[in-house]
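Structural characterization, general
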Amino acid sequence: MRAVQSGNLAVVIPAFNEQDTVSGVVRVALELTPDVVVVSDGSSDQTAAVARLAGARVVELHCNAGKGAAIHAGLEATAAPYVVLLDADLVGLTLEHLTTLAQPVLRGELDMAIGIFSEGGFMTDFGNRMTPHLSGQRATRREWLLSVPRLAQERWPEPAITYALKNDNVRWGYVELAKLSQVMKEEKRGFWRGVKHRTRMYLDLLTFRRRRKRDLPDPTHGHEPS
């Protein structure tokens, strides 16, 4: 698959302190489309400069607002009708992976394709298989993703996206991304800091339902008590 027609597809890469890996992800993304947007989510390292040097357009958030806010900012930075979302810490990414993700959506077969690692490494494969709905590798229609409730408010937006997928009755499915992996949090931040970060992430993910219910309108609002 050659690079797609300019303006039709964008790649959005949310990134927080990923200076060591983001350039490799950007360079492969540019093989698919010239519209590659990296959103530096309050990074304190050289993520923004490295991504810009690799050829991406860069949106810089001044504080670490979370992955949902970064994705939303990236979607706002492009007008492409289709987007591919990628994590900034991928290892072994190829154009074939991006094609596998994008083609079912571009062909109109799916509204969202979700990539699952295989043969990329025991820990990353295991994590993806156990919680495939948390994968950061996705292709979808930009307009639909922007309509997902709480997208910009969720630090980890995958549960909000999953809830919307099921309730909007959109067509979605998983695709395998062979020999692709990502740098584990424990590798990037050191073991204990990585464990702490992972624990906070899962706690945030597990409390999504409570936050969603809290934001629902009060069914008694506007009615006089009986």
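Residues numbered from 1 in each chain as written. Predicted model: local features only at pLDDT ≥ 70, side-chain atom pairs only at ≥ 80, totals over all residues. Heavy atoms only, no water.

With 5 bridges connecting them, strand β2 (residues 36–41) and strand β3 (residues 57–61) associate as parallel partners. Its bridge partner being in β3, aspartate 41 is matched across the sheet by leucine 61. Assessed by its sense of winding, the connection that carries the chain from β2 through helix α2 (residues 47–54) to β3 is right-handed. (Pairing = 2+ DSSP bridges. Helix = DSSP H or I, 4+ residues; strand = E, 2+ residues; numbered from the N terminus. Right-handed = clockwise from strand over helix to strand, strands pointing away.)

Along its 12 residues, helix α4 (residues 95–106) runs 15 Å from first to last C-alpha, staying within 8% of the 16 Å computed at 1.5 Å per residue. For α4, the full list of buried residues reads His97, Leu98, Thr99, Leu101, Ala102, Pro104 and Val105. Its buried side turned inward, α4 meets β1 (9–15), α1 (22–32), β4 (82–85), β6 (112–118), β7 (138–141) and β8 (172–178). (Expected span 1.5 Å × (residues − 1). Buried < 20%, exposed > 50% of the residue type's maximum accessible area, 1.4 Å probe, protein only. Contact = heavy atoms within 4.5 Å.)

In spatial order, the strands read β3-β2-β1-β4-β7-β6-β8; together these 7 strands make up an open sheet with mixed pairing. Whereas interior strands pair on both sides, the edge strands pair on one side only; in this sheet they are β3 and β8. When the angles between neighbouring strand axes are averaged without regard to direction, this sheet yields 20°. On the sheet, α4 packs against β1, β4, β6, β7 and β8 and is oriented at approximately 160° with respect to β8. (Axes fitted to C-alpha atoms, helices over the stretch in contact; angles between N-to-C directions.)

On to the nonpolar core. Judged by nonpolar contacts, the single largest core of 33 residues is most densely connected at Ile13, Val38, Val84 and Leu86. Secondary structure elements with two or more residues in this core: β1, α1, β2, α2, α4, β6 and β8. In terms of residue count, α1 provides more of this core than any other element does, 6 residues in total. Ignoring any residue separated from it by four or fewer positions in sequence, one finds valine 38 in contact with Ile13, Ala15, Val22, Val26, Ala51, Ala56, Arg57, Val58 and Val59. Listed in part, the 19 residues of the second largest apolar core include Ile71, Ile114, Ala160 and Val170. (Core = buried A, V, L, I, M, F, W, Y, C linked by side-chain atoms within 4.5 Å.)

In this structure the tally under the stated criterion is 8 salt bridges. Each of Lys67, Asp87 and Glu158 takes part in a single network of salt bridges with overlapping partners. (Salt bridge = Lys/Arg side-chain N within 4 Å of Asp/Glu carboxyl O.)

A few words now on the packing of aromatic side chains. Aromatic ring pairs are defined here through the distance separating the ring centres and the angle between the ring planes. By the definition in use, this model includes 1 aromatic pair. Taking 5.5 Å as the distance between ring centres and 85° as the angle between the ring planes, the aromatic pair formed by tryptophan 172 and tyrosine 174 counts as edge-to-face. (Phe/Tyr/Trp six-rings, centres within 6.5 Å; stacked < 30°, edge-to-face > 60°.)

This part takes up α1. For α1, the complete set of buried residues consists of Val22, Ser23, Val25, Val26, Val28, Ala29 and Leu32. Looking at the buried side of α1, the elements it contacts are β1, β2, α2, β4, β5 (90–91) and α4.

The next subject is the side chain of threonine 21. Mapped onto the elements of the fold, threonine 21 is located in the loop between β1 and α1. Overall, threonine 21 belongs to the buried group, its relative accessible area being 16%. In contact with threonine 21, other than residues within four places in its own chain, are Ala88, Asp89 and Val183.

Relative to the helices and strands, asparagine 64 resides in the loop between β3 and α3 (67–76). Each C-alpha atom, one on asparagine 64 and one on serine 43, is 7.1 Å from the other, the two residues being 21 residues apart in sequence. Excluding residues within four positions of it along the chain, asparagine 64 makes contact with Phe16, Asp41, Gly42 and Arg155. One polar contact links asparagine 64 to aspartate 41, side chain to side chain, over a distance of 2.8 Å. (Polar contact = N/O pair within 3.5 Å; in protein donor to acceptor, adjacent residues only side chain to side chain.)

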